[in-house]
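Residue-level structure breakdown
One-letter residues, chain by chain:
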Amino acid sequence: MTELKSRKAILKASERPVLARADSAASDAPLPEGVRAFSLPKFTTQDLLQAIPKHCFERSAWKSFTYVFRDYALVAALGFAASRIDPYFAGLEKNALTTVGRWAAWNVYWFWQGVVGMGIWTLAHEAGHQAFSTSRQLNHAVGLVLHSFLLVPYHPWRITHGLHHKYTGHFTKDMVYVPRTRSEKGLPARHSEHDNESALREAISDAPIVVLGFLLFQQLLGWPFYLFLNIAGKRGEYGLEYSHFSPNSKLFQKKDWWNVVVSDIGLIATIAGLIIAGQVSGSAAVIKYYLVPYLWVNFWLIAITYLQHTDIDLPHYRENTWNFARGATATMDRTIMSFGVEGWSVGSVFIHSLAEKHVLHHVISTIPHYHADEATEAIKAVMGEHYYSTKENFFVSLWKSARDCRFVEDDEEVLFYRTVTGKYTRAWKKEDEDGASDSGVGGLSD
């Protein structure tokens, strides 16, 4: 298992990677000190699936619904607790301390309601993958209701997300978080006279203010921009003609038309409910009780999915080196707020292990989250060094990936992110490998 502890050995005290320059990965040259050789995974999808105990594939509608009921009970409990915040502080003497206390209480509510909301998002996500129950109709009904509640277009997301699962890690066919190349970033050509650290740093900065600006944009606006314009989607497929809300979008086939319309109706119903709530309780109440937690849900969604597929140690593959098993396992399990407690985390309990057991999810997406721990242990034995996970602080990882994962080279078949100065941690040497082929079944059921 690759726990990424080796990263510490190649970092300076400043936390900037001490990595090799990209031009030192020439095929005949030995790897520079600190750069680890990457070998193509040789296991197949069948190897991974056969290792998983059969009972892990069992899906129970009853058990899945207990999580739905639990999560909505938490939503109600948090909402009730929040309803006591303003009356409580109104009874206290108004001063700076009580003002700060009131806003602190609201922020606690917003944060935890966002966490629980992300748990509901995950259950809808399982429904879209047919992991909620054995009934396709029930799965789609549950997914539509739960995702509409969170203003997610269920079927459009399900369709494009299915293609992401089918082509995970494929440089030209994956649907999300596809790296941009040196030339696409407008950087100096590799090995040219301008290919040096100062020129690269001038072209793309890793100054803290720049990284912070990127994260603010991504975490606040990344999700709506993706839904409306397919930003961060498959390369070359951006703009309103690729919107997730239009039944005529280029993202969908003719057979998807009514599914998109039904999803839009679900969103309209939710928006109508919010408008009515605003008329009854006031727009401020809708903002405080729904809109701010909704933004936190979006934060978690983008942060989790970004880090699942973005790390300086994770490979991406071109057509000649990609297969389903390699792409599916080119993802990373991460821990969300464990507070040092072994085997427990906020993510595993409240977000149903969406971040903690993501590798398994890409190998076989129909396994429900309550079997994920056991199934993950089974595939880890097959994957060996190609299982990627880290227990690094989630927010630290978010900052590091935003800072260090800047571009990939144009002329490599197995691609690893380069830093702002063109440095890297891993490299594949083609002459050391034999080709391998594999096929797998990924994505979502119709």
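Structure shown above.
To keep things clear, this report deals only with the structure shown in the data block. (Residues numbered from 1 in each chain as written. Predicted model: local features only at pLDDT ≥ 70, side-chain atom pairs only at ≥ 80, totals over all residues. Heavy atoms only, no water.)

Overview of the packing of aromatic side chains
We apply this condition: When two rings of Phe, Tyr or Trp (its six-membered ring) have centres within 6.5 Å they constitute a pair, described as stacked for plane angles under 30 degrees, edge-to-face for angles over 60, and tilted for the intermediate range. In this scheme, Lys NZ or Arg CZ marks a charge over a ring once it lies within 6 Å of the ring centre and within 35 degrees of the ring normal.
Applying the stated criterion across every chain, the model contains 35 aromatic pairs. Relative to phenylalanine 225, the ring of phenylalanine 217 has its centre 5.3 Å away and its plane inclined at 65°; by these criteria the two rings are edge-to-face. Joined through ring pairs, the aromatic side chains of Phe111, Trp112, Trp296, Phe299, Trp300, Phe350, Phe394 and Phe395 make up one cluster. Cation over ring: arginine 102 sits above tryptophan 103, and NZ or CZ is 5.4 Å from the ring centre.

Quick word on the pattern of salt bridges
Heads up, the rule is: Basic side-chain nitrogens of Lys or Arg form a salt bridge, by our definition, when they fall within 4 Å of a carboxyl oxygen of Asp or Glu. Numbering of helices and strands starts at the N terminus; helices are DSSP runs of H or I of at least 4 residues and strands are runs of E of at least 2. Only protein chains enter the accessibility calculation, which uses a 1.4 Å probe. A residue is then buried if its area is under 20% of the maximum for its type, exposed if over 50%, and partly exposed in between.
Inspection of every chain in the model, using the stated rule, returns 18 salt bridges. Two residues, arginine 190 and aspartate 411, come together in a salt bridge whose shortest N-O distance is 2.6 Å. Taken together, the residues span a long stretch of sequence, with arginine 190 in the loop between α7 (154-166) and α8 (197-203) and aspartate 411 in the loop between α16 (394-404) and β6 (414-415) at a distance of 221 residues. Given a relative accessible area of 53%, aspartate 411 falls into the exposed group. Across the pair aspartate 404 and arginine 403 runs a salt bridge whose closest N-O atoms are separated by 2.7 Å. As far as burial versus exposure is concerned, aspartate 404 and arginine 403 are alike and both buried.

Focus: the nonpolar core
Convention followed: The nonpolar core is taken to be a set of buried Ala, Val, Leu, Ile, Met, Phe, Trp, Tyr and Cys residues, with the residues joined through side-chain atoms within 4.5 Å. By definition in these notes, contact holds between two residues if any of their heavy atoms fall within 4.5 Å.
Ranked by internal contacts, the top residues of the largest apolar core, which has 47 residues, are Met118, Trp121, Trp223, Trp300, Ile304 and Ile336. Per element, the largest residue contribution to this core is eleven residues, and it comes from helix α11 (residues 283-309). With residues up to four places along the chain from it excluded, the contact list for isoleucine 304 reads Met118, Ile336, Ile351, Leu354, Ala355 and Phe394. Core analysis: the next-biggest nonpolar cluster, separate from the first, contains 15 residues, Leu48, Leu360, Ile364 and Ala375 among them.

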